[in-house]
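# Residue-level structure breakdown
Okay, here's what each chain looks like letter by letter:
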Amino acid sequence: MYDIEKEKREAAAAGERALSSLRRAQAELSSAKNWGLADLFGGGLFTTMVKHSKIDNANACIEQAKCDLQKFRRELGDVEQIADMRIEIGDFLGFADYFFDGMVADWMVQDRINSARSQVDDAVRRVEGILAQLRGR
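Residues numbered from 1 in each chain as written. Predicted model: local features only at pLDDT ≥ 70, side-chain atom pairs only at ≥ 80, totals over all residues. Heavy atoms only, no water.

### With respect to the pattern of salt bridges
- Following the criterion strictly, the structure yields eight salt bridges and no others.
- Glu16 is the partner of Arg135 in a salt bridge, and the nearest nitrogen-oxygen pair spans 2.6 Å. Here the residue Arg135 occupies a position in the segment after α3 (106-134), and Glu16 occupies one in helix α1 (residues 4-40), the gap between them amounting to 119 residues.
- Classification of Arg135 as partly exposed rests on a relative accessible area of 36%. (Salt bridge = Lys/Arg side-chain N within 4 Å of Asp/Glu carboxyl O. Helix = DSSP H or I, 4+ residues; strand = E, 2+ residues; numbered from the N terminus. Buried < 20%, exposed > 50% of the residue type's maximum accessible area, 1.4 Å probe, protein only.)

What follows is the structure in structure tokens.
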């Protein structure tokens, strides 16, 4: 027999892990954006290297967030089936897919960083909204 409160707690825990991964991605993308701006305005080799390191870190965080979001989606499925809840999560997993591959111009990289950050910000808001629903707020 299923315990709806237990299922909600498990879903909320999975959502918190996803939110944590997304927030790490936000931080890395913010840092990459700042280094990217420095690179645009006359940075050198060191600036470019740090920027790309931050981009690599952001990609790793985004990949972790995708895994966490998949787990969150599965846990939400348990809650929806038991409580007959309808929580729309849309396509979280389509965001930020290798935005940074093959970029040659700094301004293009900066645009991609900004786009990825916007998508991660949106995913954070959506996860926060779902968590609020799970907690009955």
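Here the narrative resumes.
### What to know about the environment of Leu69
- Position of Leu69 relative to the elements: it lies in helix α2 (residues 45-83).
- Judged by relative accessible area, Leu69 falls into the buried class, the value being 2%.
- On a C-alpha basis, the gap between Leu69 and Ala18 in space is 5.4 Å, while along the polypeptide they are 51 residues apart.

### Some points on the environment of Val124
- Position of Val124 relative to the elements: it lies in helix α3.
- We classify Val124 as buried; its relative accessible area is 5%.
- Each C-alpha atom, one on Val124 and one on Gln26, is 9.1 Å from the other, the two residues being 98 residues apart in sequence.
- Every residue in contact with Val124, bar those within four places of it in the chain, is listed here: Leu19, Leu22, Arg23 and Gln26. (Contact = heavy atoms within 4.5 Å.)

### Focus on the packing of aromatic side chains
- Throughout the structure, instances matching the rule amount to one aromatic pair.
- Look at Trp35 and Phe46: their rings are 6.0 Å apart centre to centre, the planes differ by 80 degrees, and that puts the pair in the edge-to-face class. Of this pair, Trp35 sits in helix α1 while Phe46 sits in helix α2; the two residues are eleven residues apart in sequence, bridging distant segments of the chain.
- Residue classification places Phe46 among the exposed positions, given a relative accessible area of 57%. (Phe/Tyr/Trp six-rings, centres within 6.5 Å; stacked < 30°, edge-to-face > 60°.)

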